[in-house]
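Breakdown of the fold
Next come the chains, spelled out residue by residue.
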Amino acid sequence: QVQLVESGGGLVQPGGSLRLSCTASGGGIYSMGWHRRPPGKQREFVASITTGDQTTDYADSVKGRFTISRDSAKNTIYLQMNSLRPEDTAVYYCNAVDYGIRTDWGQGTQVTVSS
């Protein structure tokens, strides 16, 4: 079982930036990433990165604005969010998928983009 701890959420003005962090404890991780759940909506994919070849993937809604990265030594991923929009307001959840296709989730961190 992988334990995930997220940080970095908060309140930001439109056009601003935030950087989310997620640290994983445990091994055997194939990929890590971020999903989000906007208020009143379904959870949606945001970005992911594989631990092996660092392949990244992004939702169309965040391409060109968000960047996912990984620090392998710290077993930590980051989500740099730029040019934030009100529609980016959501609870952001970190996830990790291990080689047994088990998925673990963090507790979520709130991102609010005002107006």
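Here, every reference points to the structure presented above.
Residues numbered from 1 in each chain as written. Predicted model: local features only at pLDDT ≥ 70, side-chain atom pairs only at ≥ 80, totals over all residues. Heavy atoms only, no water.

This next bit is on the pattern of salt bridges. Applying the stated criterion across every chain yields a total of 5 salt bridges. Residues arginine 36 and glutamate 44 are paired through a salt bridge, measuring 2.7 Å at the closest nitrogen-oxygen approach. Overall, the relative accessible area of 3% leaves arginine 36 in the buried class. You can call glutamate 44 partly exposed: its relative accessible area is 28%. In this structure, aspartate 104 and arginine 102 form a salt bridge, with 3.2 Å as the shortest nitrogen-oxygen distance. (Salt bridge = Lys/Arg side-chain N within 4 Å of Asp/Glu carboxyl O. Buried < 20%, exposed > 50% of the residue type's maximum accessible area, 1.4 Å probe, protein only.)

With that settled, consider the state of the cysteines. Counting across every chain of the model gives 1 disulfide. Residue cysteine 22 pairs covalently with cysteine 94 via a disulfide, S to S 2.0 Å. Residues cysteine 22 and cysteine 94 share a disulfide whose torsion about the S-S bond is about -85°; that sign makes it left-handed. Of this pair, cysteine 22 sits in strand β3 (residues 18-25) while cysteine 94 sits in strand β9 (residues 90-98), placing them 72 residues apart in sequence. You can call cysteine 94 buried: its relative accessible area is 0%. (Disulfide = S-S within 2.5 Å. Helix = DSSP H or I, 4+ residues; strand = E, 2+ residues; numbered from the N terminus.)

This part covers the side chain of threonine 50. The residue threonine 50 is located in strand β5 (residues 44-50) in this model. There is a polar contact of 3.0 Å between the side chain of threonine 50 and the backbone nitrogen of threonine 55. Apart from residues lying up to four places away in sequence, threonine 50 is in contact with Tyr30, Ser31 and Thr55. (Polar contact = N/O pair within 3.5 Å; in protein donor to acceptor, adjacent residues only side chain to side chain. Contact = heavy atoms within 4.5 Å.)

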